[in-house]
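Summary of the model geometry
Next come the chains, spelled out residue by residue.
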Amino acid sequence: MSNQLIYPFSFGDRGQSDLLGGKGANLAEMVRIGLPVPPGFTITTEACQQFLATGEVPKGLASEIDGSLKALEKSLDKEFGNPNKPLLVSVRSGAKFSMPGMMETVLNVGMTPEVTEQMAIRTGDPRFAWDSYRRFVDMYARIVCDVPQAEFHKIENRVLATFGAATIQELEAEGLKSLADGYKKVCEALTGEIFPVDPREHLMKSVEAVFHSWNSERAQLYRRRERIPSDLGTAVNIQSMVFGNLSDDSGTGVAFTRNPATGEQGSYGDYLQRAQGEDVVAGIRNTMSLAEFSELSPKVYGELDQVMTLLEDHYRDLCDIEFTVEEGKLWILQTRVGKRTAEAAFRIAIQLVDEGKISMDEALVRTSGDQLAQLMFPQFDLSGSTAPIATGIPASPGAAVGEVVFDSRRAFDLARSGKKVILVRRETSPDDLVGMVASEGILTSRGGKTSHAAVVARGMGKTAVCGTDAISVDERASLFTVGSLTVYEGETISIDGTTGNIYTGSIPVIASPVTSYLEGRLAASSTGASPVVKAVDRILCYADEIRTLKVHTNADTPEDAVRARILGAEGVGLCRTEHMFLGPRRVFVERLVLAENEDVQRGVIAEMEPLQRADFVGIMMAMSGLPVTIRLLDPPLHEFLPPLTKLSAEMARAEALGEEIPARDTAIFAAVNRLHEANPMLGLRGVRLGILIPELYKMQVRAIVHAYLEVRKLGHDPKPEVMIPLVSTQRELLYLRETLEAEIKRTFDSTGQSVEIPIGTMIETPRAALTAGRLGHYADFFSFGTNDLTQLTWAFSRDDVESTFLPRYLDLELLPFNPFESLDQAGVGILIRTTVEQARELRPNFKLGVCGEHGGDPRSIHFFHELGLDYVSCSPFRVPVARLEAGRALVLNLASGSPV
């Protein structure tokens, strides 16, 4: 770290945001290009980092501030604290990454009663002077002294009543002075200390308050949401004040060089006469548009318009500009690349390409998969004043409206009769799949973003809100409660999977034209295509042209495969065959478990084979010419059998009442008792099931071969691959590979044909990752099952942690993010990297892919591209997101100088 902790605005440029913060770097840039910026200086992020580490102001900072103040005083011919020619400053935060409204600002620092009196005399405007002072006292007391805003509201109401005014803006000097005195008295009463009068103390305490605000609750929440590292700290900008509240030809405003909501071209913003900057942001007064401002003050607006053009041309992007007009003179207080909606991001990127300001590479990087996902899902029209009754975890985006139903089978029946339903459960299980498919959306009181409900909903493109702990679900009584409100089955609710909000009644839904385009129902070249559709089309097509990482899909049904191919999937990376035996087919797994001997077991397996064959035919036809990776059965048996505790209770009740227990129930209870496992996810599943019941996997590969032959006969080009799950040792893999190869050969021999069907394995256990070089001798490809790999690496049960300690870990920043949502590159990522290195050392062209939930996560996709994987696989509705991010990953890797 440098010994110097302060730099004037005349130092640096926009490339030094690490040191100066984003605001300080942009102020330096504007000074450098000659814009009218009130002079000042920046306290570096390094000073904040030292303060946060030690809890004390860094040694030497106070003296550097004094020296910088003296230089500022000299340049402006003013003196800090001198009533006769006072220098007043603002103290503003400014982190490397923009965090608007998350940290603190104190204006008018240097104001004292003496300064105020002299300012009133010198300007001839006592109202302006006391308005400036009461603003300082207000901000200082709230931000530095932690006085609750509500306490000041009480004072304001009393003063307004005394002076017969409706708003603070109507108060004259005497009323504003009374207001400032009231603020100070409240502050003194609550802190037990006299309100300070030394302006240098005001300044130092304000700087400390801005440092502290880096760790405010709202700043931490924002950082977590935006994935901003918690150790960056904030810079502090100390800037000489200019006064928008000085006169009628003074004011303050915020301007955007394009509309940040829609991306439309043309200036956009607000202006407020006789006001300071915080008034515009707070929304406490009605503003005028920039068009109205141009009529009020055409000369100043003309200057502002020139500045806006200059800044957008200079930054080559939408700019957000804060400005103040003091007695007809324009001052630029700050600028930054403006935040924008998803629609605006795509539209502006293409506009700038067409204007010759940026390349298509830059346009691609300026949009994101997350933004595309926002555009794909329907949204509620919340233009009316509708308040949510509860908020849960936004698990799967979208907007869903329907009647509340608490039973999956009833949801299916009602949906089949034409009703729209929302399935409400404490939590969902695989048995609920039939109701989940039929429902418009899913609402649970338990679980998180990687719970069953969330994962399945995302895979199906269903709206889901999970972990809504404010609601109490009583499935037996068919109702849920939120506080004193009771919602019964049959009543209509609306759920927002993007925000997690729950509403009573039916909220109007706005359809997404982007989804219509992606699903082939709307051509980007058609007259009905909106500008955002045309922009998405151009950027997504460009991503497809340049990306090297292929995008496959997780598809368990022909319908999923068809949908995914329309959305751009280049194959199936994961076909979960156990999902084919949920719902009505669940009985086959149950009968398999209850089989008294191998003959009965073979009989059940024989009944399963034609069902598997038909499923595989449909999927291979949908993906003709593209690979279809079929994972052999991996059913944790607890997902297919009734819970032991429930069965035990039912058996005990029947015995106590002397009721006759049916033989089937007795058999099921005995089987569940025999197969009960303390941790089923680590028990009899995957490869272990295939070894214990080899006929099961043999049946599956026979079905694959026959499906292949049938699809070929129909004139299509099937490309099946067999994937063995949960392998840990090369002996397991070799044993099963030999068994399956023999069955495949036997099946082909019976038809007189022969085709090589690749056999690979999932890398789901740490041992498999660490010994990948050995496994690679017996595998044609590897696919990373990152869900289980994360679970086993962290010793986290993904079904439990999100509803227990994980939220607290995230609150305390013990974890920067949920590792089931975005790949833990520092831990799980090392295992994946190790596997890649060993596999590619064995065979340079060793086929490698990812089929866990992380295959659709934008940040994880960039990591997989960096490692040189061949493909990622994700749910159908994430395919366009993955396509876009795979293109972005290529551009960003090339830009960083580390091409794969």
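Above this text sits the structure in question.
First things first, this report covers the structure right here in the doc.

What counts, and at which threshold
- Residues numbered from 1 in each chain as written.
- Predicted model: local features only at pLDDT ≥ 70, side-chain atom pairs only at ≥ 80, totals over all residues.
- Heavy atoms only, no water.
- Core = buried A, V, L, I, M, F, W, Y, C linked by side-chain atoms within 4.5 Å.
- Buried < 20%, exposed > 50% of the residue type's maximum accessible area, 1.4 Å probe, protein only.
- Contact = heavy atoms within 4.5 Å.
- Axes fitted to C-alpha atoms, helices over the stretch in contact; angles between N-to-C directions.
- Helix = DSSP H or I, 4+ residues; strand = E, 2+ residues; numbered from the N terminus.
- Parallel < 35°, antiparallel > 145°, perpendicular 65-115°, else oblique.
- Left-handed = near helix turned anticlockwise from the far one by under 90°.
- Salt bridge = Lys/Arg side-chain N within 4 Å of Asp/Glu carboxyl O.
- Pairing = 2+ DSSP bridges.

Moving on, we get to the nonpolar core. In this structure, F346, V514, L696, I724, F782, I832 and L869 are the most contacted members of the largest nonpolar core, which totals 121 residues. Excluding residues within four positions of it along the chain, F782 makes contact with T761, I763, A772, L775, G776, T835, A839, F846, K847, L848 and G849. Listed in part, the 60 residues of the second largest apolar core include L87, V91, Y140 and L203.

The next subject is the packing of helix α33 (residues 828-842) against helix α34 (residues 858-867). Interaxial distance between α33 and α34 falls to 11 Å at its minimum, and their mutual angle equals 25 degrees. By the criterion of interaxial angle, the relationship of α33 to α34 is roughly parallel. Relative to α34, α33 is oriented so that their crossing is right-handed. Each of G829, I832, R833, V836 and R840 in α33 lies in contact with α34, whose residues at this interface are F863, F864, E866 and L867.

Let us now look at the pattern of salt bridges. Summed over the entire model, instances satisfying the criterion amount to 59 salt bridges. We note a salt bridge from R134 to D131, for which the minimum N-O separation is 3.1 Å. Taken as a pair, R134 and D131 lie in helix α5 (residues 126-143) at a separation of three residues, close to a single helical turn. When the shortest N-O distance is used, the salt bridge between D749 and K745 registers 2.9 Å. A residue pair is termed a helical-turn pair when its members lie 3 or 4 positions apart in one helix, as D749 and K745 do in helix α28 (residues 730-749) at four residues. One connected set of salt bridges, linked through shared partners, spans R258, E312, D313, E355 and K357.

For the pair helix α15 (residues 369-376) and helix α35 (residues 879-895), interaxial distance at closest approach is 8 Å and the crossing angle is 155 degrees. Classified by the angle their axes make, α15 and α35 are roughly antiparallel. Helix-helix and strand crossings are classified by hand; for α15 and α35 the assignment is right-handed. Together, G369, D370, L372, A373 and M376 of α15 and P880, V881, L884 and E885 of α35 make up the contact between the two elements.

If you walk across this open sheet you meet the three strands as β18-β19-β20, and the pairing is antiparallel. Each edge of the open sheet carries a strand with a single partner, namely β18 (472-474) and β20 (485-488). Strand-to-strand, the axes of this sheet are offset by a mean angle of 20 degrees, without reference to chain direction.

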